[in-house]
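Overview (structure and organization)
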Amino acid sequence: MASSNGLSVAIAVLLGCASHVGYVGAASGREPTPGYPEAVIQWGVQRGETCDDIAKVLYGSSSHVGLIQRYNRVACGPGATLAEGLTLVLPAEVTSIPDAKIRAMRPDVRARPAGGAWSPATPGMPLIANSSVNTLDEGRADIEFVDRTRVLLAPNTLVVIHGTASRTRVSTTPPAAVELSDGEVKAALAALRGQTVDVASGGGRVSASSRDTVVQRRGERTTVAVFDGKADVTSGGLSVVVPKDHGTRFVGRAPPARPRPLPPRPEWTEQTSAEVAPIALAPAGLGVLSASWKPAPQAAGYRVEVARDPEFNDLVAREEVKPDVVSFRAEKMPAGAYFLRVRVIDREEYLGVGAVRRFHLVAARAAGGVAPSAGEITANPYGIVELTPSPALELAIDEGAFGPVPERIDLLQRAPRELRLRERGGAASGAVTSLPVRYTTVGAAIEASRAADGAALEARVELDGLEGIDVAQRVAPRLIAHLPGGVRSAALTGGDRGGALTARIPLPPEATRPGEPLRVRLDVADGRGGVLGTREVDLSAAKAGSPGATAPAPPVLPVLGAYVPMLPVSAVADVLWLGPTPPAVVAAGAAASRVGDGWVAAGQVRASGAIGPLGLDVALRSSPAGDGEAAGSAGWLGARFRVVRLGRAAFELSPTLRLGVPLADAVPPVRVEPGVALGGAAGRLTWVVNAGARIRIADEGGAAGEGSAAGGEGSAAGGDGSAAGEGSAAGGGELAAPPAQGFLVAGGTADAAPWLRLHGALDLHLVHRDGGANDVLGALSAGAEAGGALFGALSVRVSPWRGAGEGPVTAQIAVGLREAPP
């Protein structure tokens, strides 16, 4: 959020300096006093003492009187006595140190030494006499002087650091530290020790005993707003004292106006409370800050600021907005503590008292599970929640006691229902943020049968909902069999790369007698005894003379994508949307489309299936019938090989290769289509993506030559204007197959019932045509497939981005036989 302050500011900062001897650490052998850049001592002023007296005693000469004012804002004129009992902080020896330093800054700040060139500024940069600092459009800077006073620079502000002995020897009143030409300065003391920050503006002067006083100058008008302590404002020979939350102004050298109350702080809305610090999670280390306030009467605008400290010296953002803007939202904020302040700007352009709200964003991550959201944690019950500890917060699990925020919470060991967060020491306020913990579902599918020798049961188990979890270490699953005579169990092992787990449990002797009926309940439990799945199976022994039971058949996996996807009547868009493992299906149907001034329809026959990881498919389309123009009869043969399968088809990946061959003369020539298919299943939903390219491996009409029966102009097939004349599907016109095209087909399915599957897909084609032109074509399709082994299918395709030879709407109907859905 960029600052709206676009004013030009020029500031001259005057500091005294003593004789240059050397910087601390080079000329001084003493260690710096904590909090100071050099070794310092304290001096208690006696009655009648002057700065010259102290300089002679400490440093041997009154020429070093400038050192008295290094950390003390006192008047050191000739013969001027200091207040008795005043405690001064003085350098322990004669030294020369930089007058100021850049304490902190935002980007877009530059600096230059006296007589030098501008260069980028850096935090901690020392500023010696006559150095300059300039904040540009997006820059801010915090300059700290040796006496710990600070000047915070808004964008487009210029500061000049001076070091002249006249500061201590000419005037009985310390000169202003800041001279403001135009713009805004915030003056701040590190601590109130009887000192002031002095700002000169136009013909007046502001002497602030304050941690937060804002001085604005626009043209000849100077406005002062005091938010802490007080300030003496002098202009035109008159002075006024401005207390906290009051302001005044003067024009040129005119006397200042009587102090008036500043606009009151705005009220937060009911959804936003100033007393309760909102605490939210920051998934992936990035969170959201938001607040809203009630419109303030007489408001001409608002100033909104976000800072990392309660004094708003470390600003993250500042913006002045119109009066109809009464809410704030910042996204992608790094984890940490933040402070939001909203001030009213009234119609006289006085800056009002700020309403402040605190925020805490806690970085959170669910290892081995779903990422947390801002207001709750959704995680795998076997996962770990990782938090970034904050010393400002305390955490409690469920109804337990509050304590420091831990770095990790093991959900397997603690299984919390909620996490409660509050600010440290917030027991009295009772303000607690509750974050519910919701757990994902974990299940087990069990298949079991007798072993070939009849002496044991063998089981295969598929676990769902454990992606990213170390199953062996975190879950430790076991198979429990409730057998005659007692319960037996065995560890489930295997499952490498998402495969099934297996276990073998010996049967008791009474369960192995031929012809003896045996029904067994099988449970899958984790290491804590929690049941993940259960099933009852028939393990009756085979009768005498009959073959023993075979090993259990693997579970039927879900089909990814549609059984009979749309096959458009087109030489470009007839790309089939097939999953990495094609379903076992045979189907026949027809598709019809409005093309040009007439309707065309084409029949089709399709078949597909898989042998292990190898998938095969064939699609044949007849020549079109009707009074419109369309691509002719063609056949496609395809193969794909599944290289990846995770779990119960949670993810599959297959490279693909299809070959298009002509089935009649007036069709596109041979084409090849390499690509890739990937997809997955989650419950009743599946998704499939096909991507690849289609390449024409012979010139259009190359088999018959120009003027042949395949469609040359004036050919034997009818000459100019005949059914196969110029511009036909085989003649190289817009209906022809392009030399090359890329395609992307993506969609999903949902099983509304065991017998009904709904599907939808988007197909896009980047077409490179003869002559070098490129087109982008696309369409949306949707359909339904209903039935069991015998089923029917209906699809509709809408083509908002189409080429010649394609209609705006294509409908397809088909019937077929398939392997019964799982």
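Each remark here, short or long, concerns the structure printed above.
Here we summarise the structure given alongside this text. (Residues numbered from 1 in each chain as written. Predicted model: local features only at pLDDT ≥ 70, side-chain atom pairs only at ≥ 80, totals over all residues. Heavy atoms only, no water.)

**Focus on the overall build of the protein chain**
Helix and strand content of the protein chain: 4 helices and 57 strands. In the protein chain, buried positions account for 47% of the 822 residues. Taking the intrachain contacts of the protein chain between residues at least 6 apart in sequence as the baseline, contacts between residues at least 24 apart amount to 59%. Of the roughly 36,300 Å² that the protein chain leaves accessible, carbon and sulfur atoms contribute 56%. (Helix = DSSP H or I, 4+ residues; strand = E, 2+ residues; numbered from the N terminus. Buried < 20%, exposed > 50% of the residue type's maximum accessible area, 1.4 Å probe, protein only. Contact = heavy atoms within 4.5 Å. Areas by Shrake-Rupley, 256 points an atom, 1.4 Å probe, with all protein chains shown as cover.)

**Looking at the pattern of salt bridges**
In total, this model carries 40 salt bridges according to the counting rule given. One salt bridge connects Asp 346 with Arg 260, and the closest N-O pair in it is separated by 3.0 Å. Here Arg 260 lies in strand β21 (residues 260–261) and Asp 346 lies in strand β27 (residues 336–346), a separation of 86 residues in the sequence. Asp 346 gets classed as buried once you look at its relative accessible area, which sits at 9%. Its relative accessible area of 22% is what places Arg 260 among the partly exposed residues. Through salt bridges with shared partners, a single ionic network connects Glu 184, Asp 212, Arg 303, Glu 305, Arg 318, Glu 320, Arg 341 and Arg 343. (Salt bridge = Lys/Arg side-chain N within 4 Å of Asp/Glu carboxyl O.)

**Details of the sheet that holds strand β29 (residues 377–379)**
On the basis of which strands lie adjacent, the open sheet formed by 5 strands has the order β29-β35-β34-β31-β32 and mixed pairing. The strands lining the two open edges of the sheet, one partner per strand, are β29 and β32 (403–404). Here strand β34 (residues 418–423) runs beside strand β35 (residues 433–439); their pairing, made up of 4 bridges, is antiparallel. Looking at β35, one finds that Leu 421 is bridged to Thr 433. (Pairing = 2+ DSSP bridges.)

**Quick word on the nonpolar core**
Counting residues in each nonpolar core, the largest one holds 29 residues, and the members touching the most others are Tyr 382, Leu 457, Leu 479, Val 520, Leu 522 and Val 524. Among the secondary structure elements, those contributing two or more residues to this core are β36 (443–450), β37 (456–464), β38 (478–483), β41 (501–506), β42 (519–525) and β43 (531–538). With near-sequence residues (within four places) excluded, Val 524 lies in contact with Ala 444, Ile 446, Val 461, Leu 463, Arg 478, Leu 479, Leu 492, Gly 530, Val 531, Leu 532 and Gly 533. Counting 26 residues, the second largest nonpolar core, distinct from the first, contains Leu 127, Val 133, Leu 153 and Val 242. (Core = buried A, V, L, I, M, F, W, Y, C linked by side-chain atoms within 4.5 Å.)

**What to know about the packing of aromatic side chains**
Applying the stated rule across the entire model yields 4 aromatic pairs. Aromatic side chains Trp 293 and Tyr 302 sit 5.7 Å apart centroid to centroid with 65° between the ring planes, which places their arrangement in the edge-to-face category. Residue class for Trp 293 comes out buried when judged on its relative accessible area of 2%. Between the aromatic rings of Tyr 563 and Phe 791, the centroid separation amounts to 5.9 Å while the plane-to-plane angle is 50°, which identifies the pairing as tilted. Highlighted residues: Tyr 563 in the loop between β43 and β44 (585–595) and Phe 791 in strand β56 (residues 790–801), separated in sequence by 228 residues. Of the two residues, Tyr 563 and Phe 791, both sit in the buried class. Across from the ring centre of Tyr 350, 4.3 Å away, lies the NZ or CZ of Arg 249, which sits over that ring. (Phe/Tyr/Trp six-rings, centres within 6.5 Å; stacked < 30°, edge-to-face > 60°. Lys NZ or Arg CZ within 6 Å of the ring centre and 35° of its normal.)

**Some points on the pairing of β27**
A regular strand carries its side chains on alternate faces of the sheet. Burial runs high along β27: 9 of the 11 residues are buried. Judged from the 8 bridges that link them, strand β24 (residues 299–307) and β27 form a sheet pairing that is antiparallel. Bridged to Gly 301 within β27 is Ile 345.

**Brief notes about the side chain of Asn 380**
Mapped onto the elements, Asn 380 comes out in the loop between β29 and β30 (384–387). Looking at Asn 380, the relative accessible area reads 3%, which means it is buried. Polar side-chain contacts of Asn 380 include one of 2.7 Å to the backbone oxygen of Gly 465. (Polar contact = N/O pair within 3.5 Å; in protein donor to acceptor, adjacent residues only side chain to side chain.)

**Considering the sheet that holds β38**
Ordered by their spatial adjacency, 4 strands build an open sheet running β39-β38-β42-β43, and the pairing between neighbours is antiparallel. Both edges of this open sheet fall to β39 (486–491) and β43, since each of them pairs with a single strand only. Strand-to-strand twist across the sheet, computed as the mean angle between neighbouring axes with direction ignored, equals 20°. (Axes fitted to C-alpha atoms, helices over the stretch in contact; angles between N-to-C directions.)

**Some points on the side chain of His 759**
Along the polypeptide, His 759 turns up in strand β54 (residues 756–768). Not counting residues up to four positions away in its chain, the partners in contact with His 759 are Ala 562, Trp 577, Gly 748, Thr 749, Ser 781, Ala 782, Gly 783, Ala 784, Glu 785 and Ser 795.

**Some thoughts on the environment of Pro 255**
Secondary-structure assignment places Pro 255 in the loop between β20 (246–251) and β21. For Pro 255, a relative accessible area of 40% corresponds to the partly exposed category. Residues Pro 255 and Ser 235, spaced 20 residues apart in sequence, show a C-alpha to C-alpha distance of 4.9 Å.

**Let's talk about the pairing of β34**
Of the pairings in the sheet, the one linking strand β31 (residues 393–397) to β34 comprises 5 bridges and is antiparallel in character. Opposite Leu 395, over in β34, you have Leu 421 as the bridge partner.

**Digging into unusual backbone geometry**
With phi around 75°, Asp 108 is a residue other than glycine that occupies positive phi space. The residue Asp 108 is located in the loop between β4 (100–105) and β5 (109–112) in this model.

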